[in-house]
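Listed below are the residues making up each chain.
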Amino acid sequence: MQIDTIDPVKTAMIVVDMQNDFVAAVAPIEVSAARAMVPKLAEALKICRDAGIRVIYTAHVHRRDGCDMGLFDDIYPPIANRAALVDGTPGVDIYPELAPAPGEHVIKKHRYSGFFGTDLDIILREWDVDTVIISGTSTENCCHATARDAMFRNYRVAFLSDATATYDYPDRGFGSMPNADVHHATLVILAASTAHVMPVADLAARVARGRGSEAAPSRAA
């Protein structure tokens, strides 16, 4: 997938799961690399907001009684013991430095993908969006799943290489992987199969081209 121009009118930026329970220091499911890239994501948000690109957030949450938990309690102990991602607690709020602007929506989700069991697709189609910009955490789980589901629904996907982040993986029988390797591998896979992977600087250039073409006067035949 190649995206040369981003039309602000037809584009939405999705900020995936930049919540206190992931981003804050000593959070229950801390992704320190996500906290480190907050300034870069904030830069991307400013680019999009200044251009009039709509911004929408996702937040991974579960009800305290676990009725929407599925198998996550088998995978993540902090979710199983209700130390993290409990709906209605401060931990699921968006990290303050990236707080939604007035009028921007936060989609609550219960699985990796922002599209699974939510009204995200309904909102994007109501806005007449054909291109989505993916940012947030974690690169290979919720960002990857959201990007894939967007592509499956025929949205063009711009995936921000320096405004997504993940965590170190322990050895589960196949060796450990540092977060940088996980991040890099996911970007390589997405670039080959799903999205135009680009840094925030390239996003800015493509948005600028989109704004320029929008402002250009039509030529007489």
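Residues numbered from 1 in each chain as written. Predicted model: local features only at pLDDT ≥ 70, side-chain atom pairs only at ≥ 80, totals over all residues. Heavy atoms only, no water.

Draft legend 1. Just the nonpolar core, in detail. Grouped together as the largest cluster of nonpolar side chains are 40 residues, with contacts concentrated most on Met13, Met18, Leu41, Leu160 and Leu203. Among the elements of the structure, β1 (11-16), α1 (20-23), α2 (32-36), α3 (38-51), β2 (54-60), β5 (156-165) and α9 (200-215) are those that each provide at least two residues to this core. It is α3 that contributes the most residues to this core, seven residues altogether. In this structure Met13 touches Leu41, Ala44, Leu45, Cys48, Ile53, Arg54, Val55, Ile56, Ile133, Ser135 and Leu160, once residues within four positions along its chain are discounted. Counting 23 residues, the second largest nonpolar core, distinct from the first, contains Phe115, Leu124, Tyr155 and Phe159. (Core = buried A, V, L, I, M, F, W, Y, C linked by side-chain atoms within 4.5 Å. Buried < 20%, exposed > 50% of the residue type's maximum accessible area, 1.4 Å probe, protein only. Helix = DSSP H or I, 4+ residues; strand = E, 2+ residues; numbered from the N terminus. Contact = heavy atoms within 4.5 Å.)

Draft legend 2. Molecular detail of the packing of aromatic side chains. Tallying each qualifying case throughout the model produces four aromatic pairs. For the pair Phe72 and Tyr112, a centre-to-centre distance of 5.2 Å together with 90 degrees between the ring planes defines the contact as edge-to-face. One end of the pair, Phe72, is in helix α4 (residues 72-75); the other, Tyr112, is in the loop between β3 (105-109) and α6 (120-126), with 40 residues separating them in the sequence. Of the residues examined, Phe72 reaches a relative accessible area of 6% and is grouped as buried. The exposure class of Tyr112 is partly exposed, given its relative accessible area of 25%. Ring geometry for Tyr167 against Tyr169: centres 4.9 Å apart, planes inclined by 5 degrees, an arrangement best described as stacked. Of the residues examined, Tyr169 reaches a relative accessible area of 26% and is grouped as partly exposed. Three or more aromatic residues joined by ring pairs make a cluster, and in this case those are Phe72, Tyr76 and Tyr112. (Phe/Tyr/Trp six-rings, centres within 6.5 Å; stacked < 30°, edge-to-face > 60°.)

Draft legend 3. Representation of the packing of helix α7 (residues 139-152) against helix α8 (residues 179-193). In contact at an axis separation of 11 Å, α7 and α8 are set at 5 degrees when each is read in the N-to-C sense. In terms of orientation, α7 lies roughly parallel with respect to α8. Contact residues: α7 offers Thr139, Glu140, His144, Ala147, Arg148 and Met151, while α8 offers Val182, His183, Thr186, Leu187, Ile189, Leu190 and Ser193. By residue class, the composition of the contact of α7 with α8 is six nonpolar, five polar and two charged. (Axes fitted to C-alpha atoms, helices over the stretch in contact; angles between N-to-C directions. Parallel < 35°, antiparallel > 145°, perpendicular 65-115°, else oblique. Nonpolar A, V, L, I, M, F, W, Y, C, P; charged D, E, K, R; others polar.)

Draft legend 4. Representation of the pattern of salt bridges in the model. Counted under the stated rule, the structure contains 10 salt bridges. Note that Glu104 is salt-bridged to Arg49, the shortest N-O span being 2.8 Å. Residue Glu104 is found in the loop between α5 (77-80) and β3, and its partner Arg49 is found in helix α3; the two are separated by 55 residues along the sequence. Looking at Glu104, the relative accessible area reads 18%, which means it is buried. Since its relative accessible area comes to 31%, Arg49 is described here as partly exposed. When the shortest N-O distance is used, the salt bridge between Asp149 and Arg153 registers 3.9 Å. (Salt bridge = Lys/Arg side-chain N within 4 Å of Asp/Glu carboxyl O.)

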